[in-house]
Amino acid sequence: MSLNRYMHPRNPYKERPPDFNDLATRFADFRAHCTLGTNGRIELPHGCLVPRVPQRLNYILFIEDLLKLNQIEQDIVGIDIGTGASCVYALLGARWAGWKFIATEADDEAAHVANDNVVRNQLTHLIRVVHVSEHSPTLIKDLTRQFSDLQFSFCMCNPPFFESCETDKRFSVDTASGSMLNECAIDSSEAERAPPRSATVARRGELEVEGGEVAFVGRLIDDSVLLQTQVR
């Protein structure tokens, strides 16, 4: 969905895909992590999940549409559950629409890197990264109490999809970086879902959660029932 006809009509990448070769040529910080060739191909190092920016911006744009439909256009504050090291959703929402964010992350290192990204982009006045416990039974209930002075407009997330048993079937461990790679073969007749269409490199915590995505969404529903209108 990143670069095709299903992209949001306001997405600037819809008609003009990003030129990574040009970006690497113009920005030294980006170039340091790339390998340039005559065909413009860029290779990123293994490690954390690398978000596809055009696709992530789609998510922000659809939220923007929903907010407008509900006549919520002022003092917008979002919760990004599991922001990851990139903090991509909060950064895009803040830069694109000027929204404020509380961005949560259970992995200590990822939370630290996410905060560095916020500082690097000079968006500390709009985004606050909060390290939360991975063992917390709630996703947003405790957060709304911690920041009781804020009226949250929405919450968003890109949750881990797999249970640990499914991760081990679908991914292999890269011994050099400790990251998970979806290079290992899986018998499609035994798989509960289709294999990914693109290569994925990520840390285990970015891929799996106890109970899988069904349990994750169930926790979010439980919080929503309790909070009612505390998140608009």
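Residues numbered from 1 in each chain as written. Predicted model: local features only at pLDDT ≥ 70, side-chain atom pairs only at ≥ 80, totals over all residues. Heavy atoms only, no water.

By the naming in an unreviewed UniProt entry, the protein goes by U6 snRNA m(6)A methyltransferase and is assigned to Teladorsagia circumcincta. Under Sequence similarities (unreviewed entry), UniProt gives the following word-for-word description of the protein: "Belongs to the methyltransferase superfamily. METTL16/RlmF family." (UniProt positions renumbered as here; feature names shortened; annotations may be inferred.)

(A) The arrangement of unusual backbone geometry in detail. In the Ramachandran plot, Asp75 falls in the positive-phi region, its phi being about 50 degrees despite a non-glycine side chain. Within the fold, Asp75 resides in the loop between α3 (53-69) and β1 (77-81). You can call Asp75 exposed: its relative accessible area is 68%. (Helix = DSSP H or I, 4+ residues; strand = E, 2+ residues; numbered from the N terminus. Buried < 20%, exposed > 50% of the residue type's maximum accessible area, 1.4 Å probe, protein only.)

(B) Inspection of the UniProt feature "binding site: S-adenosyl-L-methionine" (unreviewed entry) in the protein at higher detail. Mapped onto the present numbering, the UniProt feature "binding site: S-adenosyl-L-methionine" (unreviewed entry) falls on Arg56, Gly82, Glu105 and Asn158. By the element assignment, Arg56 lies in helix α3. In this structure the side chain of Arg56 is engaged in a polar contact, spanning 3.0 Å, whose partner is the side chain of Gln55. Mapped onto the elements, Asn158 comes out in the loop between β4 (154-157) and α7 (164-170). Asn158 gets classed as partly exposed once you look at its relative accessible area, which sits at 33%. Other than its neighbours up to four places away in sequence, Asn158 contacts Arg56, Ile81 and Tyr89. (Polar contact = N/O pair within 3.5 Å; in protein donor to acceptor, adjacent residues only side chain to side chain. Contact = heavy atoms within 4.5 Å.)

(C) Spatial organisation of the pattern of salt bridges. Taken as a whole and assessed by the stated rule, the structure comprises 2 salt bridges. The partner of Glu64 in a salt bridge is Arg10, and the shortest N-O contact between them spans 2.7 Å. Residue Glu64 is found in helix α3, and its partner Arg10 is found in the segment before α1 (20-26); the two are separated by 54 residues along the sequence. The exposure class of Arg10 is partly exposed, given its relative accessible area of 34%. In this structure, the salt-bridge partner of Asp65 is Arg10, at a minimum N-O distance of 2.9 Å. In this pair, Asp65 is assigned in helix α3 and Arg10 in the segment before α1, connecting sequence segments 55 residues apart. Its relative accessible area of 25% is what places Asp65 among the partly exposed residues. Each member of the salt-bridge network shares a partner with another, and the members are Arg10, Glu64 and Asp65. (Salt bridge = Lys/Arg side-chain N within 4 Å of Asp/Glu carboxyl O.)

(D) Broad picture of the environment of Lys14. Mapping Lys14 onto the fold places it in the segment before α1. Given a relative accessible area of 28%, Lys14 falls into the partly exposed group. Separated by 44 residues in sequence, Lys14 and Asn58 place their C-alpha atoms 9.8 Å apart.

(E) Region of the structure containing the pairing of strand β3 (residues 127-131). Pairing of strand β2 (residues 100-105) with β3, which is carried by 5 bridges, proceeds in the parallel orientation. Counted as the bridge partner of Ile102 is Arg128 from β3. The parallel pair β2 and β3, bridged by helix α5 (residues 108-120), forms a crossover whose chirality is right-handed. (Pairing = 2+ DSSP bridges. Right-handed = clockwise from strand over helix to strand, strands pointing away.)

(F) Region of interest: the side chain of Thr83. Relative to the helices and strands, Thr83 resides in the loop between β1 and α4 (88-97). Among the residues examined, Thr83 registers a relative accessible area of 5% and is labelled buried. A polar atom in the side chain of Thr83 sits 2.8 Å from the side chain of Asp80. Not counting the four nearest positions on each side in its chain, Thr83 is found in contact with Val88, Ala103, Thr104, Glu105 and Ala114.

(G) Inspection of the state of the cysteines at higher detail. Going through the model one piece at a time under the given rule, you end up with 0 disulfides. With no disulfide of its own, Cys157 lies 6.7 Å from the sulfur of Cys155, the closest cysteine sulfur. Among the residues examined, Cys157 registers a relative accessible area of 14% and is labelled buried. (Disulfide = S-S within 2.5 Å.)

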